[in-house]
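Architecture at a glance
Each chain, written out:
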Amino acid sequence: MPSELLLSLRVNGEPVRRLVPASRSLLEFLREDLDLTGSKHGCDVGDCGACTVLVDGLPRLACITLAADVEDHEVTTIEGVSPDGQLSPIQAAFDRHVAAQCGYCTPGFVMALTHLRAERPHPSEDELRTALGSNICRCTGYTKILAAAREALK
Ligand code: FES
Ligand code: FES
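Residues numbered from 1 in each chain as written. Chains lettered and ligands numbered in written order. Predicted model: local features only at pLDDT ≥ 70, side-chain atom pairs only at ≥ 80, totals over all residues. Heavy atoms only, no water.

Notes on the pattern of salt bridges
- Summed over all chains, the structure comprises 7 salt bridges.
- Here Arg-96 ties to Glu-151 by a salt bridge, and the two come within 2.4 Å at their closest N and O atoms. Linking Arg-96 in helix α2 (residues 89-97) with Glu-151 in helix α5 (residues 143-152), this pair joins segments that are 55 residues apart in sequence.
- Its relative accessible area of 54% is what places Arg-96 among the exposed residues.
- Glu-151 sits in the partly exposed class, given a relative accessible area of 23%. (Salt bridge = Lys/Arg side-chain N within 4 Å of Asp/Glu carboxyl O. Helix = DSSP H or I, 4+ residues; strand = E, 2+ residues; numbered from the N terminus. Buried < 20%, exposed > 50% of the residue type's maximum accessible area, 1.4 Å probe, protein only.)

What about the side chain of Thr-52?
- Residue position: Thr-52 is located in strand β3 (residues 52-55).
- Residue classification places Thr-52 among the buried residues on the basis of a relative accessible area of 6%.
- At 2.6 Å, the side chain of Thr-52 and the backbone oxygen of Gly-49 are in polar contact.
- Those residues within four positions of Thr-52 in sequence are excluded, and the remaining contacts are Pro-59, Arg-60, Leu-61, Gly-108, Met-111, Ala-112 and Asn-135. (Polar contact = N/O pair within 3.5 Å; in protein donor to acceptor, adjacent residues only side chain to side chain. Contact = heavy atoms within 4.5 Å.)

Section: the domain arrangement of the protein chain
- Parsing the protein chain into structural domains produces domain 1 (4-79) and domain 2 (89-152).
- Taking only C-alpha atoms into account, the centre of domain 1 sits 21 Å from that of domain 2.
- Between domain 1 and domain 2, the residue contacts involve 16 residues of the former and 12 residues of the latter.
- Taken together, both faces of the contact between domain 1 and domain 2 bury some 1100 Å²; the carbon and sulfur share is 67%.
- Remark: the boundary between domain 1 and domain 2 carries 0 salt bridges. (Domains from an automatic or database assignment. Buried area = accessible area lost by both parts, 1.4 Å probe.)

In structure tokens, the structure reads:
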């Protein structure tokens, strides 16, 4: 396996072509190579959801995904959900409900809900909670996050 590879993909709708170490995680690639720091390093082992991005519209944990694995795919990060500078409906609901304290988990929750909203615009409570099952928040106790999610997906 080569130690570096020339990676081509689309990120937030834009074509990207970069030489990257073969062992580079998608999260490192986004944050350090592309300076897209919205996706967060939480646990770095796939347990917390803070690094959630969408790959071809589906949630992926960027910390345990190799950048090489998204060659020729479309990656959407938290920066891509509000391209015109306006909050997305989910972000706006988080704002209204003050659903963040430190905010470290928030991008991951927003990305998980962005996928759910696209797939199931009117989810049941069970579907909503299942969609957020891989995301951990250490601050809020989840009540306000769930309230914001219910409002955004009502
Ligand atoms: S940082 Fe990726 S799951 Fe925690
Ligand atoms: S708001 Fe701090 S971890 Fe969720």
